[in-house]
Amino acid sequence: MSRRKTERLLNLVICLLATRRPLSAEQIRQAVPGYDPDNDEAFQRMFERDKNELREIGIPIEVHRDPWEDDPGYRIVREAYELPEITLEADEAAVIGLAAQVWQRASLADAASGALLKLRAGGVRTDLAESPLELRVDTRDPAFPALWEAVRDRRAVTFEYRSAGSESVLRRVVEPWGVVSRRGRWYLAGHDRDRGAPRVFRLSRVTGPVSTVGRPGAFTVPADLDLRAMVGYQELQAERVALVRVRKGTCLGLRHAAQAVRPGSGGWDEVEVTFADPERLAGWMASLGADAVVVDPPDARDAVIRRLKGALQ
C-alpha cells in the first residue's frame, strides 16, 4: 500500500470516529485529504474502495439513511471500533511473553514486539525476565513470511514446488490452512486446488517467490483441522552425511555442529555434517559464501549450486 493511500485511509478513520453525527459522502470528500475535489466519478470509486478495504480489516463503518436527506451518512461508532478491556491471568500473560521471546530473532520479531507493546500499554504485564526458559524459532525459509501472511488473511497462494526425490518443479495453487514447525523444519498444510485434496508442503522445497491469488477471506479453514496430525503423517527422510571443504579459521558454527573435522590441503579442512533435506543444507551452506564448498553427496552439491545461481540472477 502506498504512503498516500495509507494516510488517506487513516484520515478517513479519524474523521468517521471523531464525528458525532453521520457525514455524507460530500462532507467526507471535503474533510478528508486525498480525495479528488473535481472529479465526482473518481471520488465515488475511490471512496467505495476505501470503505470496502476498511471493512475487510474489521473496521465497522455504519451507514445511516435519513428520510429527510437524499444521501446516506457514514460514521464509525467508537464502542464498536474499540477493543474491550484486556484482562489476562498471570499464566496467560506468561505464555504470551514466552511466545514473543520465541520469535525474538525470527521473521515475526516486529509483530511480536508490537503486540507486547500494545499489551503493556493496556496494563498487562508480560515480562519474563526471571524465566529460565530461553527459546528461539528459526525461519530461514524465504517462503515463510508470505505464507504466514496468506494463512492469516485466508488468501490462496501459488508457488513453484520441488517434490521429494525429484528434480522436477511444478506450480501449485494452495489454500493455506497453517504453517507448522516439526523437528526443525517448517511445513505448509492446506488444500491443493489442482489435486482437490489436503496436502502438506515443506517450505525448504518451495522455489522462487510466493504469490497471492484472489481476495482475502476466500476460503474457510476446516473446523476440525489438526495441523500437527497432518504434518506428522509425512514420511521423514533418513539422515545422511555431507562432506564439506571449509577454509581454515572460518565457519566455527559449522565446525561445532560437524560430527568429524580433519585437516585438508591448500588451506582447507574437511568436515562431515549430517543432514536430511538437501535444500535446507543448501541454504545453510550458501549463507557461508566462499568459505564452504559441498563436495558430496551430488544432490546436496547441486542444491547449493542452484541456490547460488538463483542469488546471482
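Procedures and definitions
Residues numbered from 1 in each chain as written. Predicted model: local features only at pLDDT ≥ 70, side-chain atom pairs only at ≥ 80, totals over all residues. Heavy atoms only, no water. Phe/Tyr/Trp six-rings, centres within 6.5 Å; stacked < 30°, edge-to-face > 60°. Buried < 20%, exposed > 50% of the residue type's maximum accessible area, 1.4 Å probe, protein only. Helix = DSSP H or I, 4+ residues; strand = E, 2+ residues; numbered from the N terminus. Pairing = 2+ DSSP bridges. Contact = heavy atoms within 4.5 Å. Core = buried A, V, L, I, M, F, W, Y, C linked by side-chain atoms within 4.5 Å.

Draft legend 1. Just the packing of aromatic side chains, in detail. By the definition in use, this model includes eight aromatic pairs. Ring centres 5.2 Å apart and planes at 90° place the aromatic pair Tyr35 and Phe43 in the edge-to-face group. With a relative accessible area of 2%, Phe43 lands in the buried category. When the ring of Tyr35 is compared with that of Phe47, the centres are 6.2 Å apart and the planes differ by 90°; the resulting orientation is edge-to-face. Here Phe47 lies in helix H3 (residues 40-56) and Tyr35 lies in the loop between helix H2 (25-31) and H3, a separation of twelve residues in the sequence.

Draft legend 2. Quick look at the pairing of strand S5 (residues 169-182). In this sheet, S5 lies alongside strand S4 (residues 156-162) in antiparallel orientation, the contact comprising six bridges. Within S5, the position partnered with Thr158 by the bridge is Val173.

Draft legend 3. The arrangement of the side chain of Asp50 in detail. Here Asp50 shows up in helix H3. Using a relative accessible area of 0% as the deciding quantity, one classes Asp50 as buried. In this structure, Asp50 is in contact with Lys5, Arg8, Leu9, Leu12 and Tyr35, ignoring residues within four places of it in sequence.

Draft legend 4. The arrangement of the nonpolar core in detail. If you look at the biggest cluster of nonpolar residues, it comprises 18 residues, and the most contacted ones within it are Leu12, Ile28 and Phe47. Listing elements by their share of this core, those giving two or more residues are helix H1 (3-18), H2 and H3. Here this core gets six residues from one element, more than from any other, and that element is H1. Aside from chain neighbours lying at most four places away, what touches Leu12 is Ile28, Val32, Tyr35, Phe47, Asp50 and Leu54.

Draft legend 5. View of the sheet that holds strand S1 (residues 23-24). Spatially, the three strands line up as an open sheet ordered S1-S3-S2, and their pairing is antiparallel. The open sheet has two free edges, formed respectively by S1 and strand S2 (62-64), since each of these has just one partner strand. Where S2 and strand S3 (residues 73-75) come together, three bridges link them in antiparallel fashion. Looking across to S3, one finds that Glu62 is bridged to Arg75.

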